[in-house]
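The chain contents come next:
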Amino acid sequence: MSTVQYTKENYIAYVTLNRPDVLNCFNYDMLKKLQDVVTAIELDPEVRVVIFTGAGEKAFSAGADLKERKTLNETEVRRNVKAIRDVFNQIASLPQPTIAAVNGFAFGGGFELMIACDFAIAIDDTQLGLTETSWAIIPGAGGTQRLPRLIGETKAKELILTARKFSSQDALQWGILINVVQREELMSVCENLAKEMLKNGPVALRQAKFAINQGMNVDLQTGLAIESKAYEIIIPTEDRVEALQAFSERRPANFTGK
């Protein structure tokens, strides 16, 4: 059975990390399969929102497979770290909105995957954290860069340098999560968020995400120029005309992504 499962339904892509017996930890095979899936999603116009989750009831992902890591030489360690960094960067750069459905522990690389997504929703009885310094390494798949941008430099330093594990309620309070729910509600809440976005123009979703992502770390004037160029792409679309027509006819718009 594949270490990464991928299905599509009603414009939503579902990506499941599928090594529940080892808390969905990332070995090299899993990283390569995840990269293949993410590449397929990136190029698929029928995918408008993506939900990432983990198999089983214990973990979203507990990070790198340390049993595999122990067998690797230094060159292979560098290979694995590059692979996880590259695929998480690719996830963060997906044009579609992404949701992490955090069904259990999210430590190390699992936490880094979670914050590479646009939104994260977790169950209420789990723990999270960037625990790498307790293993005498550092977060190497974006954690030292994305977490400070998400919650601020000082709090991120505290969590990373202490390797502290914390509750999903703490993560909600700090702005890492957008919601905390009961386990049985997790997927339906994530799907409801996806459906809210699916009501909107697919090209507009992509261009809005692009404008936000590209504008976050530039000055305001450069960001406004990025927004302007993103808007220019939307003007000739059929969906923009359809939205106006639907408004005048007092009916729901039928967006096609064109």
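First, a word on scope: everything that follows refers to the structure included in this document. Since the structure is predicted, the reported quantities are computational estimates derived from the model, not experimental observations. (Residues numbered from 1 in each chain as written. Predicted model: local features only at pLDDT ≥ 70, side-chain atom pairs only at ≥ 80, totals over all residues. Heavy atoms only, no water.)

**Quick word on the nonpolar core**
Cut-off, in case you're wondering: To define a nonpolar core, start from buried Ala, Val, Leu, Ile, Met, Phe, Trp, Tyr and Cys residues and group those joined through side-chain atoms within 4.5 Å. Each residue is assigned to one of three classes by its accessible area relative to the maximum for its type, calculated with a 1.4 Å probe on protein chains only: buried under 20%, partly exposed between the two thresholds, exposed over 50%. Should any heavy atoms of two residues lie within 4.5 Å, those residues are counted as being in contact.
Ranked by size, the top nonpolar core spans 46 residues in total, and within it Leu34, Phe88, Met114 and Leu147 carry the most contacts. Sequence-distant contacts of phenylalanine 88, that is, excluding residues within four places in its chain, are made with Phe26, Leu34, Gly109, Glu112, Leu113, Ala116, Ala141 and Arg146.

**Side note on a nonpolar patch on the surface**
Formally: Note on patches: the residues involved have over 30% relative accessible area and no salt bridge, like charges join within 9 Å, and the nonpolar side chains Val, Leu, Ile, Met, Phe, Trp and Tyr join within 5 Å. Each accessible area is a Shrake-Rupley estimate made with a 1.4 Å probe; only the visible protein chains count as cover when residues are assessed. By definition, a salt bridge exists where a carboxyl oxygen of Asp or Glu is found within 4 Å of a side-chain nitrogen of Lys or Arg. A helix here means a DSSP run of H or I that spans at least four residues, while a strand means a run of E at least two residues long, and both kinds are numbered starting from the N terminus.
On the surface, Leu66, Trp135 and Ile137 cluster together to form a nonpolar patch covering roughly 310 Å² of accessible area. By the element assignment, tryptophan 135 lies in the loop between β8 (127–129) and α5 (143–151). According to the relative accessible area criterion, tryptophan 135 is exposed, its value standing at 54%.

**Observations regarding the pattern of salt bridges**
Under the criterion given, the structure shown has 11 salt bridges. Between aspartate 44 and lysine 8 there is a salt bridge; the shortest N-O distance is 2.6 Å. Residue aspartate 44 is found in the loop between α1 (28–42) and β3 (49–54), and its partner lysine 8 is found in strand β1 (residues 4–9); the two are separated by 36 residues along the sequence. When its relative accessible area of 46% is taken as the criterion, lysine 8 is described as partly exposed. Its salt-bridge partner being aspartate 29, residue lysine 33 comes within 2.7 Å of it at the nearest N-O pair. Of this pair, lysine 33 and aspartate 29 both sit in helix α1, four residues apart, roughly one helical turn. Among the ionic contacts, a cluster of salt bridges with common partners joins Lys155, Glu158 and Arg164.

**Some points on the environment of glutamate 191**
Mapped onto the elements, glutamate 191 comes out in helix α8 (residues 186–198). What makes glutamate 191 partly exposed here is its relative accessible area of 22%. Considered as a pair, glutamate 191 and arginine 19 are 172 residues apart in the sequence and their alpha carbons are 23 Å apart. Once residues lying within four places of it in the same chain are set aside, the contact partners of glutamate 191 are Tyr14 and Ile51.

**Here we look at the sheet that holds β1**
Put simply, the rule reads: Strand pairing is defined by DSSP finding a minimum of two bridges between the two strands. Here, axes are lines fitted to C-alpha atoms. For helices the fit covers the stretch in contact, and angles between N-to-C directions go from 0 to 180 degrees.
Spatially, six strands are ordered β1-β2-β3-β5-β7-β10 in an open sheet, and the strand pairing comes out mixed. Of all strands in the sheet, those bounded by a partner on one side alone are β1 and β10 (179–181). If you compare each strand with its neighbour and ignore which way they point, the axes differ by 20 degrees on average. The sheet contact formed by strand β2 (residues 12–17) and β3 spans six bridges and is parallel. The residue of β3 that forms the bridge with alanine 13 is valine 50.

**Comments concerning a negative patch on the surface**
Note the following rule: When charges are tallied, Lys and Arg are placed among the positive residues and Asp and Glu among the negative ones, while His and the ends of the chain are skipped. In this description, the location of a charge corresponds to atom NZ of lysine, CZ of arginine, CG of aspartate or CD of glutamate.
Together, Asp124, Asp125, Glu184 and Glu185 line one region of the surface with negative charge. Structurally, the position occupied by aspartate 125 is in the loop between β7 (119–123) and β8. With a relative accessible area of 56%, aspartate 125 lands in the exposed category.

**Examining the packing of aromatic side chains**
Stated formally: Stacked, tilted and edge-to-face are the three classes assigned to paired rings of Phe, Tyr and Trp, where Trp is represented by its six-membered ring and a pair needs centres within 6.5 Å; plane angles under 30 degrees give stacked, over 60 edge-to-face, the rest tilted.
Following the criterion strictly, the structure yields four aromatic pairs and no others. Ring geometry for phenylalanine 26 and phenylalanine 88: centres 5.6 Å apart, planes at 70 degrees, overall edge-to-face. Placement of the pair is phenylalanine 26 in the loop between β2 and α1 and phenylalanine 88 in helix α3 (residues 74–92), with a sequence separation of 62 residues. When its relative accessible area of 2% is taken as the criterion, phenylalanine 26 is described as buried.

The analysis is restricted to geometry; functional conclusions fall outside its scope.
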